[in-house]
Structures are given as C-alpha cells and as structure tokens.
Amino acid sequence: MHSFGYRANALFTFAVTILAFMCAIASFSDTLNSPTPTAHVQVLSINRFQKRPDGDDEVSMTFNISANLRSLFTWNTKQVFVFLAAEYETSKNSLNQVSLWDYIILEKEDAYFRIRSTNKYRFIDQGSNLRGKDFNLTLHWHVMPKTGKMFADKIVMTGYRLPEVYR
Ligand SMILES: *[C@@H]1O[C@H](CO)[C@@H](O)[C@H](O)[C@H]1NC(C)=O
Ligand SMILES: *[C@@H]1O[C@H](CO)[C@@H](O)[C@H](O)[C@H]1NC(C)=O
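Residues numbered from 1 in each chain as written. Chains lettered and ligands numbered in written order. Predicted model: local features only at pLDDT ≥ 70, side-chain atom pairs only at ≥ 80, totals over all residues. Heavy atoms only, no water.

- The name recorded for the protein in an unreviewed UniProt entry is Signal peptidase complex subunit 3, from Daucus carota subsp. sativus.
- According to its UniProt record, the protein has this under Subcellular location (unreviewed entry): "Endoplasmic reticulum membrane". (UniProt positions renumbered as here; feature names shortened; annotations may be inferred.)

Given below as structure tokens:
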C-alpha cells in the first residue's frame, strides 16, 4: 500500500499534468481559429488643422469606426486591446505612426461596435508635413489570451488625405 504522502504527490502530479495538457490544448485550439475581423473608418470632419507655435502640425478630426472583431474571441481570450493609428510617410521617416484612439474589449459582445469619436490622443506631426498628406488609418489589435502567447494583427485602411490648407 502507498503512503498518503505518495498518493497526494501522485494526485498533484496528475493534476499538474492535466492542467499543462489543457493549457497546451487551449493555446493550440487558438492557432486553429482563423479570425475574420472587419473594420471600416470614415473621417467625418477635420475640426482643426493648424501649425502650432513650435512649428508642428496638429489635426483634430471626428471619425466613425465600425468594426466586428468578435471572431478574435475564443474561450481562451482574456481581452483584446485595439487602437487606431494614423500612418503616413515623410521624407525623414518611412513610417510615422500616431495613435488616435484605443479601447480594451473584455467581452465578445462588445467586439462588434460602431462609435463616433474625435481623436482621443493628439495628432501632432514633428514638423509641418501634414498639408495635403495621404495617410492610412490602421486598426491594430493585440489579443491577450488566458494562456499561451499574445498575438497581434491589423487592418490597414487606405485612401485618406489631409486638407491642403490649415483651417
Ligand atoms: C498605406 O497602406 C498601403 C497598403 O497597405 C501601403 O502600401 C502604404 O505603404 C501605406 N502607407 C504608409 C505610409 O504606411
Ligand atoms: C456615425 O456613427 C454614428 C453613431 O454610431 C451614426 O449615428 C452616424 O449615422 C454615423 N455617420 C455616418 C456618416 O456613417
């Protein structure tokens, strides 16, 4: 007959093995999920477009974001961090990225949304490069799982342009 200690230890080892197995299955099943998120952003207005006293350009805009990120959620998803960035090219940098808005989605039900917002963070260019500038609006997301690796992806929306003149 085995001692109590031995049995408790065996049970513990068994439980840990099962747990490790379940974690592996959880993160593996996540890799099988191929999400099909959609997003659309419409710039409704440029509220302010100015050169600041320090010479940097600043834009304030209102936009509508509609997105369906529900397919990012699996039973292993803890939360999804999403942010909208304006991305554009200048002679100095091939990629300038300015975060305009962000959101933490905790529930799958909240991952299908339609919101109207002005930029939550200031859209400032280090210089005066924004007049007539073409830019992309990119919706980035980071999926934080309960177990396993975090993953990130994005949807790039093109075809946006800033006005030629300050207003
Ligand atoms: C905008 O997106 C298009 C298509 O993905 C890409 O070719 C272009 O380089 C992007 N522009 C910037 C400034 O990131
Ligand atoms: C923008 O979103 C708001 C609220 O979600 C909606 O009422 C409005 O019709 C939308 N505007 C456009 C132009 O799609």
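Things to note about the nonpolar core
Thinking step 1. In terms of nonpolar packing, the biggest core is built from 34 residues, with M61, L69, L84, L100, W101, F123 and L139 touching the most fellow members.
Thinking step 2. Among the secondary structure elements, those contributing two or more residues to this core are β1 (38-51), β2 (57-68), β3 (77-88), β4 (96-105), β7 (134-145) and β8 (151-161).
Thinking step 3. Not counting residues within four places of it along the chain, the set of residues in contact with L139 comprises A39, A67, L69, V82, F83, L84, W101, D153, K154, I155 and M157. (Core = buried A, V, L, I, M, F, W, Y, C linked by side-chain atoms within 4.5 Å. Buried < 20%, exposed > 50% of the residue type's maximum accessible area, 1.4 Å probe, protein only. Helix = DSSP H or I, 4+ residues; strand = E, 2+ residues; numbered from the N terminus. Contact = heavy atoms within 4.5 Å.)

Details of the site of ligand 1
Thinking step 1. By nearness alone, every residue bordering ligand 1 is listed as E87, Y88, E89, L95, N136, V156 and T158.
Thinking step 2. Between N136 and ligand 1, the recorded distance is 2.3 Å, taken from a side-chain N or O atom to an oxygen atom.
Thinking step 3. When ligand 1 sits alone it has 360 Å² of accessible area, and the protein chains cover 48% of it.
Thinking step 4. Grouping the amino acids of the shell around ligand 1 by side-chain chemistry returns three nonpolar, two polar and two charged. (Near = heavy atom within 4 Å. Polar contact = N/O pair within 3.5 Å; in protein donor to acceptor, adjacent residues only side chain to side chain. Areas by Shrake-Rupley, 256 points an atom, 1.4 Å probe, with all protein chains shown as cover. Nonpolar A, V, L, I, M, F, W, Y, C, P; charged D, E, K, R; others polar.)

Examining the sheet that holds β4
Thinking step 1. The four strands lie next to each other as β4-β3-β7-β8, forming an open sheet whose pairing is antiparallel. Both outer strands of the open sheet, β4 and β8, are each paired with one neighbouring strand and no more. For this sheet the average axis-to-axis angle between neighbouring strands, irrespective of direction, equals 20 degrees. (Pairing = 2+ DSSP bridges. Axes fitted to C-alpha atoms, helices over the stretch in contact; angles between N-to-C directions.)

So, the domain arrangement of the protein
Thinking step 1. Taken domain by domain, the protein holds domain 1 (1-32) and domain 2 (35-161).
Thinking step 2. For domain 1 and domain 2, the distance between their C-alpha centroids amounts to 42 Å. (Domains from an automatic or database assignment.)

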